[in-house]
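Chain by chain, the residues:
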Amino acid sequence: MASVDQLEVIKERSKVKPQIIFKHSTTCGISRMVMNRFNEGYDMPKDSLDLHYLDLHQYRSVSNETSNVFGVVHESPQLLVIKNGTVVAHESHGAITQLDLKKYI
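Residues numbered from 1 in each chain as written. Predicted model: local features only at pLDDT ≥ 70, side-chain atom pairs only at ≥ 80, totals over all residues. Heavy atoms only, no water.

## A short note on the pattern of salt bridges
To keep things clear, this is the line we draw: A carboxyl oxygen of Asp or Glu within 4 Å of a side-chain nitrogen of Lys or Arg is what we treat as a salt bridge. Think of it in three bands: with a 1.4 Å probe and only protein chains considered, a residue is buried below 20% of the maximum accessible area for its type, exposed above 50%, and partly exposed in between. Runs of E in the DSSP output that reach at least two residues are strands. Runs of H or I that reach at least four are helices, and both are numbered from the N terminus.
By the definition in use, this model includes 2 salt bridges. A salt bridge links Glu12 to Lys15; the nearest nitrogen and oxygen atoms lie 3.1 Å apart. Owing to a relative accessible area of 46%, Glu12 belongs among the partly exposed residues under this scheme. Between Asp50 and Lys17 there is a salt bridge, with the nearest N and O atoms lying 3.2 Å from each other. Note that Asp50 is positioned in strand S2 (residues 50-55) and Lys17 in the loop between helix H1 (5-13) and strand S1 (19-24), a separation of 33 residues in sequence. Note on Asp50: relative accessible area 17%, which makes it buried.

## Topic: the pairing of S2
Applied cut-off: A pair of strands is labelled paired if DSSP reports no fewer than 2 bridges between them. When the strands point away from the viewer and the connection leading from the first strand across the helix to the second strand turns clockwise, the crossover is called right-handed.
Pairing between S1 and S2: 6 bridges, direction parallel. Bridging across to S2, Ile20 finds its partner in Leu51. On the question of chirality, the crossover connecting S1 to the parallel S2 by way of helix H2 (residues 29-41) is right-handed.

If you want it as structure tokens, here you go:
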């Protein structure tokens with residue numbers, strides 16, 4: 001994700017299928033480790049949801065607006081599950097890999 005405008009697109013698309021935002025700090029070792037674990041364990045049916053990665057450092061304004069639009073306190077790393085325009089689940093740090101995404105598709 002690179003633009004605040006994409007948040008409205010994500011909200012609209014979430015009415016058709018779940019949208020996932022993975023907020024990641026490229027300078028944090030813990031964030032990198034969690035993202036690697038998430039990617040290794042990510043096993044979802046193709047086209048069942050859309051996954052968006054957000055680099056918190058490069059796109060800080062998008063990260064801040066994500067918190068405002070979806071009403072979730074900023075954390076890093078953080079995963080948000082969006083359906084019908086609202087966040088239905090979110091986790092941060094190690095709890096990200098324990099989130100069962102299949103129950104949201």
